[in-house]
Amino acid sequence: MNRFKASKFRHTEARPPRREAWIGGIRAGSITSYGNNVKASCCWIAFNAEASGVLGIVPLECEDGGKRTVSQLCCHSDVVTDFDFSPFDQLLLATGSADETVKVWRLPQSSQDIPSGAGLTLGPGGAPVDMLQFHPTADGILASGTGKRVTIWDMEQQQPLTVLDSHRDQLQSLAWKRDGSLLGTSCKDKKLRIFDPRVSPAASQSVLGHENNKDSRLLWMGSSDCLISIGFSQMREREVKLWDMRRFSGAMLSMALDTSPGAAIPLYDADTGLLVVAGKGENLLYCFEVAPAQPALTQVTQCRTEGSTRGLATVPRLALDVMACEVLRVLQLTDTALVPVSYVVPRKSVQDFHEDLFPDCTGTLPATGAQAWWAGDSQQLSKPGRLPDAAIPTIQNSVAVTDLFWDPFDPQRLAVAGEDAKIRLWRIPEGGLQETLQEPEAVLQGHTEKIYSIRFHPVASDLLVSSSYDMTVRIWELSTGREALCLQGHTDQIFSLAWSPDGKKLATVSKDGRLRLYEPRRSPLPQQEGPGPEGARGARLVWVCGGDYLLVSGFDSRSERRILLYQAQALPKGPLSVLGLDVAPSTLLPFYDEDTSVVFLTGKGDTRVFLYEVTPEPPYFLECNSFTSGEPHKGFIFLPKTVCEVREVEFARALRLGQSTLEPVAFHVPRIKKEYFQDDIYPPTRVWWEPALSGTAWLSGEDGQQRRSSLQPTDMTPVSQAPKEAPARKFVPAAVYLEKSDEQKKEELLSAMVARLGNREDPLPQDSFEGVDEDEWD
């Protein structure tokens, strides 16, 4: 069994366009600078034009299928050395020049007049501006490199926040970490440096990068602690190196590219892990997949172009053609054209959205403002409403999050699983975050590949289970920080896992199409197995009906979403019932309310929540009214039963995460007698927030059962004890008739009959029928 999984990007193809798709009619500049000479937003492309101090501006997409118009932006009195688009405003462009100034321009929404004057000018700074980069998370922060120093600007105040001046020679590149906490640089003195600008203007770490002082570049690998550098060796070979700032004394991996003399332009996409490298003056594009966990740098493809490269840029992911499986698009600037090169992953179906290729990407809303970022903290709202424009305190997990789960028995403890195969335990202060957390309470290590899901034990305290791409399930004892048990038997990715309600058993569903049931304290191998969903796109499972049954959501071979019900002690027999729901790309995530036996199902990007009552007898699934929202939700989480408003017969409450909102959703049962406590809907609920025993006791073989508590308010009477009302009379009492004379009764009866017959002068229905002429009768 190979633990190194085949990458989904290994078949990525570079597809240069035909000449008709080139953006022609341009004359690119031939200046020597540390910039990439071309940049793109979701609206515009900017590139160095032939004239000094001028940028060419062209729309990213054709308008109404017509030809693109190339405009000129006269920026500076000297050469434009570098420029960058704001990640939060697709029309905001910052330019730097040898005239020692930085200018900020607002481009028009469409093909209107290009502005003649800058909206903002910073400097002069005493030296030519060599490089620029906007902050990736804070609005209004811009870093500029001039000579031997980096200046961090507050654009709103038009003042520098700090100057980083630890360099001994000319700067060659700078790069923000994706979370905006750190900044890295490469320098002609051959050193790579890492700065925390809010802590100190001096470098926190430095290391000898490449042995030749010729042009070098440094890139962050997203929000991780890993970096990529590209430069020249002592033998003048171009080389790529991978670095881990936690072990910054030496490179994790070094690979020679070629002996070409041209300075390299590297572009890294953190969402796919793809690295594209091109040399200035050359016509070859390399594409590598970077895997820092191994570490490995694998060539995926290479593309030979017609023209020589003057500059190179990536198109924002929001502008990609996702339905064509375009995972990356590169713009090559040549002497006379801009050539878009698409990187596509071939898939059989181009009608479905392939969620595995397109994880959620960085949005266009800033996380914070300039002053709030510089201060490092902010206030947190404690009531519903609009979030403040200042920064919201966050947890700096340092690596991409794959799953997270709150400890049910310790409301201040949050477990977070990461792509680096580690689980970090965070301690949230009483009352919520008041400042950004950067150090976890503990770190659990043992998995060898990315973790997929984590779950706390439902009955015992200080127990956590995790599943990983290394195809193991591990149970952790948090009181000691050790791995207590390791479960084996999976042959492919583990999609989901779930504890039984009593905490004795653990069920999993895997990409190999199998359901497995474990008794972890008895054996590391499954107690039994059974067939799972047919499709391999994703699946989830949950225990239902008192822990005697398993409900699984997944796909069939035709990508139809469906739910399956299994008897937990008879998995080999297959599902008792299968119900198809719809065709959609996202996996249905189930939430089960054990008090009402209702399961809620929805997926990321859906607008509908399905509701079914689950019963242990046929037909097994009883459909209830579904919930529909006006926009797709990015997340859906159900709150504890104790927050439900029982006086309004609310039996479930959830939080729905939209594009820019977090809103509550309440599920009610319509009842007439709301003044009574509906005890048929609210049986005594499990006290899930109190453990029945410790994790140590559970591992030693003990079991426990949590107590139950009533949700009945003290001032309400159960509906089962409500007084029985006398049935209302459907007929008028006979005494009313006895008081009337016989003549009165006859008169009323006759009037009623006439009223029922209606007006006798009205035409009868048969009067409107058409007959035949008299001469047609025999």
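From a predicted model like this one, the values you see are computed outputs, not experimental measurements.

Tallying secondary structure elements over the chain gives 4 helices and 58 strands in all. Relative to its full complement of 778 residues, the chain shows a buried share of 49%. Contacts spanning at least 24 positions in sequence make up 49% of the contacts within the chain whose residues lie at least 6 apart. Carbon and sulfur atoms make up 49% of the accessible area of the chain, which totals about 38,100 Å².

Attention shifts here to the packing of aromatic side chains. According to the stated counting rule, one finds 19 aromatic pairs in the structure shown. Where F591 meets F600, the ring centres are 6.0 Å apart and the plane angle is 45 degrees; that geometry is what we call tilted. When its relative accessible area of 29% is taken as the criterion, F591 is described as partly exposed. Of the residues examined, F600 reaches a relative accessible area of 1% and is grouped as buried. Here F627 and F636 contribute two aromatic rings whose centre-to-centre distance is 6.4 Å and whose plane-to-plane angle is 55 degrees, an arrangement assigned as tilted. The residues F627 and F636 share a single accessibility class, namely buried. Directly above the aromatic system of F232 lies the positively charged group of K214, at a separation of 4.8 Å from the ring centroid. Between the NZ or CZ atom of R537 and the centre of the ring of F555, over which it lies, the distance is 4.7 Å.

Strand order in the open sheet made by the 4 strands is β2-β3-β4-β5, with antiparallel pairing throughout. The sheet is open, and its two edges are formed by β2 (38–40) and β5 (71–74), each paired on a single side. Strand-to-strand twist of the sheet, defined as the mean angle between neighbouring strand axes without regard to direction, takes the value 25 degrees.

Here we come to the nonpolar core. Counting 25 residues, the largest nonpolar core has L312, V327 and Y343 as its most contacted members. Listed by contribution, the elements that provide at least two residues to this core are β23 (264–269), β24 (274–279), β25 (284–291), β26 (296–304), β28 (326–333) and β29 (338–344). Residue contributions to this core peak at 4 residues, all from β29. Among the nonpolar cores identified, the runner-up in size contains 19 residues, and V598, F636, F677 and L711 belong to it.

Residue placement: R238 occurs in strand β21 (residues 238–244). Relative accessible area serves as the criterion here: at 1%, R238 is assigned to the buried category. Among the polar contacts listed, one links the side chain of R238 to the side chain of E282, at a separation of 2.8 Å. Discounting residues that sit within four places of it in the chain, R238 has contacts with G231, F232, M255, A256, L257, D258, S260, G262, A263, A264, G279 and E282.

The side chains of a regular strand alternate, residue by residue, between the two faces of the sheet. Among the 5 residues in strand β17 (residues 191–195), 4 count as buried, and that is most of the element. Pairing geometry for strand β16 (residues 183–187) and β17, over 4 bridges, is antiparallel. Considered in β17, the bridge of G184 is made with I194. Hairpin connection from β16 to β17: 3 residues lie between these consecutive antiparallel strands, with K190 at a positive phi of about 75 degrees. Bridging between β17 and strand β18 (residues 205–208) involves 4 bridges; their strand directions are antiparallel. Directly across from I194, in β18, lies its bridge partner Q205.

On to the pattern of salt bridges, then. Following the criterion strictly, the structure yields 51 salt bridges and no others. Between R246 and D225 there is a salt bridge, and its shortest N-O distance comes to 3.5 Å. One end of the pair, R246, is in the loop between β21 and β22 (253–258); the other, D225, is in the loop between β19 (217–220) and β20 (226–232), and 21 residues separate them in sequence. Its relative accessible area of 8% is what places D225 among the buried residues.

Turning to the sheet that holds strand β12 (residues 141–146), a few remarks are in order. Remark on secondary structure: sheet strands pair via backbone hydrogen bonds, oriented parallel or antiparallel. Spatial strand order, β10-β12-β13-β14: 4 strands in an open sheet with antiparallel pairing. Strands with a single pairing partner mark the edges of an open sheet, and in this sheet they are β10 (129–134) and β14 (159–164). Geometrically, the sheet is characterised by an average inter-axis angle of 25 degrees between neighbouring strands, direction not taken into account.

Right, let's get into unusual backbone geometry. In terms of backbone geometry, most residues other than glycine have negative phi values and most peptide bonds are trans. Here the residue pair G123 and P124 is connected by a cis peptide bond, since its omega of 5 degrees sits within 30 degrees of zero. Structurally, P124 can be placed in the loop between β9 (120–122) and β10. Between Q294 and the following residue, P295, the backbone shows a cis peptide bond with an omega angle of -15 degrees. As for its placement among the helices and strands, P295 is situated in the loop between β25 and β26. One non-glycine residue, C325, lies in the positive phi region at around 60 degrees. Relative to the helices and strands, C325 resides in the loop between β27 (311–314) and β28.

On to the pairing of strand β41 (residues 506–510), then. With 5 of 5 residues buried, β41 lies mostly within the body of the structure. By the alternation rule, side chains of β41 split into L506, T508 and S510 and A507 and V509, which are all buried. Here strand β40 (residues 494–499) folds back onto β41 in antiparallel fashion, the turn holding 6 residues, of which G503 has a positive phi close to 75 degrees. Summarising the sheet, β41 and strand β42 (residues 514–518) pair through 4 bridges and their orientation is antiparallel. Within the sheet, the bridge partner assigned to A507 lies in β42 and is L517. If you look at the hairpin formed by β41 and β42, you'll find 3 residues sitting between the two strands, and G513 has a positive phi there, around 80 degrees.

This next bit is on the confidence of the model for the chain. Chain-level pLDDT for the chain is 87 on average; 90% of the residues reach the 70-or-more range. Within the chain, strand β38 (residues 473–477) carries the highest mean pLDDT (97), whereas helix α3 (residues 734–738) carries the lowest (45). Scored below 50 in pLDDT, residues 377–390 shows 23 contacts in the model against residues more than four places distant or in partner chains. Low pLDDT, under 50, characterises residues 734–738; the predicted model gives this stretch 2 contacts beyond four residues in sequence or across chains.

Cut-off values and rules
Residues numbered from 1 in each chain as written. Predicted model: local features only at pLDDT ≥ 70, side-chain atom pairs only at ≥ 80, totals over all residues. Heavy atoms only, no water. Helix = DSSP H or I, 4+ residues; strand = E, 2+ residues; numbered from the N terminus. Buried < 20%, exposed > 50% of the residue type's maximum accessible area, 1.4 Å probe, protein only. Contact = heavy atoms within 4.5 Å. Areas by Shrake-Rupley, 256 points an atom, 1.4 Å probe, with all protein chains shown as cover. Phe/Tyr/Trp six-rings, centres within 6.5 Å; stacked < 30°, edge-to-face > 60°. Lys NZ or Arg CZ within 6 Å of the ring centre and 35° of its normal. Pairing = 2+ DSSP bridges. Axes fitted to C-alpha atoms, helices over the stretch in contact; angles between N-to-C directions. Core = buried A, V, L, I, M, F, W, Y, C linked by side-chain atoms within 4.5 Å. Polar contact = N/O pair within 3.5 Å; in protein donor to acceptor, adjacent residues only side chain to side chain. Salt bridge = Lys/Arg side-chain N within 4 Å of Asp/Glu carboxyl O. pLDDT = per-residue confidence, 0-100.

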